[in-house]
Structure formats: structure tokens, C-alpha cells
Amino acid sequence: AQSVAQPEDQVNVAEGNPLTVKCTYSVSGNPYLFWYVQYPNRGLQFLLKYITGDNLVKGSYGFEAEFNKSQTSFHLKKPSALVSDSALYFCAVRDEGFQKLVFGTGTRLLVSP
Amino acid sequence: DGGITQSPKYLFRKEGQNVTLSCEQNLNHDAMYWYRQDPGQGLRLIYYSQIVNDFQKGDIAEGYSVSREKKESFPLTVTSAQKNPTAFYLCASSMTGGSYNEQFFGPGTRLTVL
């Protein structure tokens, strides 16, 4: 069965420092991986996705993610964090051939000034 | 949140009442989804529909019902059989035809049972 794990409930980083939000996955076929961000009392916004090709995927708002097949990971990264990046981040995975997305439990990112 | 609207933003329900949450999209997407979000549990799929007049149960469908009479609309009814309905409900849509299509989300409806 498809699954995704976000091992950290919360990540704290100072503004200007690099940030990483971790995600590992488990699928039976080829993984299609997504990152979403959620601001308080709002819906989810799509950040980026990995389908195939380059292992480094670039997305919205300066975020990027690195796909690592051997470690079954898809960590979200940003070189320099902003206070406005503080939000809840969700990793999601979809198996090839399946229409459903399976979401992780989310990681709260707090960027301090 | 562009292209998908949910109403109302806040909804209060008395125990024993059915309530219907609205979801409309103007993205011309075939697929639509309903998720429930509870603190610390991420998003859980309630129902999804890949085409008009057809829908499938997700992981937590008990106590919920849906209809898909129009491509643009996918209303969710929370019935009195749902024992713990207080949650944040999110509707989403996507193109079909490939597993790589991202889902677009509405702004959500927060349901509180009084």
C-alpha cells in the first residue's frame, strides 16, 4: 500500500538559514511525489512535484525538493528561509495507476526573525 | 485556492442534523475529492469522483454521502450517522488521465457540532 511519512512534527529555523522538511515514501510501483503548503484556515497550495527525470525539482516560492530513490525520500528544501514561509507542509504520494493521493501527517515549519 | 469555491466557510450543526457542504470548480476538471483534516492526522480521503454520475468511497466514507450530477459540483453531506463530524473539510479537483496531475484545493469549510 502507498504511504508517506513525515518524521518531524515541527521544524524550527532562523530567517536566512537553509531549511529542510523531510519526507519518506513507500509505494509498490513508480512514485509520483508532491509537496503542498497550508497557511492557517486555508486550503492546500501546490508547491512542486516529482514525476520522472531530474532528481532535483524546483517549485514555487523558491522551494525545491530532492528525490532519492535509494533512500525512498523526497525532502523539501529552501536555501534561505523567510518568516513568511512559516506554515504547515504536506508531502503526498500517488502510485502509478492510482487516482488517489496519500498525504503525510504534515510538518509545521516555524521561521523566526 | 483559485478556481475552487467552498461554502460556507464556517458551519455549525446540532447533533442529529444532516448538513451539506458545497464545492464548485470552474477548472473543467473531471476528478473531484473530499478530504477531512484533523489536527495531527493530515488529510484523510472521504469520497472521490472521476466522472459525472460516478463516485467511490475513500478511506473514511462512513457517515458521509456525495453526489456528482454536474461536472462543476461535488457536494458533501455529513449525516447524523457521522459520530465525530467536527473537522476542517477540504474539497479538491484535478485533471484525470494521468497519475501525475496535482490536485487543486478549495479554501475549506470548518464544521463544528454544537
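Below or above, wherever it landed, is the structure these notes cover. All figures in this text were calculated on a predicted structure; none of them were measured in a lab.

A look at the pattern of salt bridges
Residue and element names in this part refer to chain B.
Part 1 of the argument: By the definition in use, this model includes seven salt bridges over all chains.
Part 2 of the argument: With its nearest N and O atoms 2.8 Å apart, the salt bridge here joins Asp38 to Arg44.
Part 3 of the argument: Note on Asp38: relative accessible area 10%, which makes it buried.
Part 4 of the argument: Given a relative accessible area of 26%, Arg44 falls into the partly exposed group.

A few points about the side chain of B:Asp38
Residues and elements named next belong to chain B.
Part 1 of the argument: By the secondary structure assignment, Asp38 is in strand β4 (residues 31-38).
Part 2 of the argument: There is a polar contact of 2.8 Å between the side chain of Asp38 and the side chain of Arg44.
Part 3 of the argument: The residues touching Asp38, leaving out its near neighbours within four places in the chain, are Arg44, Thr86 and Ala87.

As for the state of the cysteines
Part 1 of the argument: Taken as a whole and judged by the stated rule, the model has two disulfides over all chains.
Part 2 of the argument: Across the disulfide from A:Cys23 sits A:Cys91; the S-S distance is 1.9 Å. Note on the A:Cys23 and A:Cys91 pair: the S-S dihedral is about -60°, so by sign convention the disulfide is left-handed. Residue A:Cys23 is located in the loop between β3 (19-21) and β4 (24-26), and its partner A:Cys91 is located in strand β10 (residues 87-95); the two are separated by 68 residues in the primary sequence.
Part 3 of the argument: Judged by its relative accessible area of 0%, A:Cys91 is buried.
Part 4 of the argument: Put simply, B:Cys23 and B:Cys91 are joined by a disulfide, and their sulfur atoms are 1.9 Å apart. Its torsion about the S-S bond being -70°, the disulfide of B:Cys23 and B:Cys91 is classed as left-handed. In this pair, B:Cys23 sits in strand β3 (residues 19-25) while B:Cys91 sits in strand β9 (residues 87-94), placing the two residues 68 residues apart along the sequence.
Part 5 of the argument: Of the residues examined, B:Cys91 reaches a relative accessible area of 0% and is grouped as buried.

Quick look at the environment of A:Leu48
All names here are of chain A.
Part 1 of the argument: Tracing the backbone through its elements, the reader meets Leu48 in strand β6 (residues 44-50).
Part 2 of the argument: Among the residues examined, Leu48 registers a relative accessible area of 2% and is labelled buried.
Part 3 of the argument: For the pair formed by Leu48 and Glu64, sequence separation is 16 residues and the distance between their alpha carbons is 7.5 Å.
Part 4 of the argument: Beyond its immediate stretch of four places on either side in the chain, Leu48 contacts Leu33, Phe34, Trp35, Val57, Lys58, Gly59, Phe63, Glu64, Ala65, Phe74 and Leu76.

Regarding the interface of chain A and chain B
Part 1 of the argument: Of the residues lining the interface, 24 residues belong to chain A; the matching set on chain B comes to 26 residues.
Part 2 of the argument: It is A:Asn41, A:Gln99 and A:Lys100 that lose the most area in chain A upon contact with chain B, and together they represent 30% of the buried surface on that side.
Part 3 of the argument: Seen at the junction of chain A and chain B, the total is one salt bridge.
Part 4 of the argument: In this structure, B:Glu102 and A:Lys49 form a salt bridge, with 2.7 Å as the shortest nitrogen-oxygen distance.
Part 5 of the argument: By residue class, the composition of the side of chain A that touches chain B is eleven nonpolar, seven polar and six charged.

Observations concerning the side chain of B:Thr77
All names here are of chain B.
Part 1 of the argument: Position of Thr77 among the secondary structure elements: in strand β8 (residues 76-78).
Part 2 of the argument: What makes Thr77 buried here is its relative accessible area of 19%.
Part 3 of the argument: There is a polar contact of 3.0 Å between the side chain of Thr77 and the side chain of Thr20.
Part 4 of the argument: Contact partners of Thr77, with chain neighbours within four places excluded, come to Asn18, Val19, Thr20, Gly63, Tyr64 and Ser65.

About the cut-offs
- Residues numbered from 1 in each chain as written.
- Chains lettered and ligands numbered in written order.
- Predicted model: local features only at pLDDT ≥ 70, side-chain atom pairs only at ≥ 80, totals over all residues.
- Heavy atoms only, no water.
- Salt bridge = Lys/Arg side-chain N within 4 Å of Asp/Glu carboxyl O.
- Buried < 20%, exposed > 50% of the residue type's maximum accessible area, 1.4 Å probe, protein only.
- Helix = DSSP H or I, 4+ residues; strand = E, 2+ residues; numbered from the N terminus.
- Polar contact = N/O pair within 3.5 Å; in protein donor to acceptor, adjacent residues only side chain to side chain.
- Contact = heavy atoms within 4.5 Å.
- Disulfide = S-S within 2.5 Å.
- Buried area = accessible area lost by both parts, 1.4 Å probe.
- Nonpolar A, V, L, I, M, F, W, Y, C, P; charged D, E, K, R; others polar.

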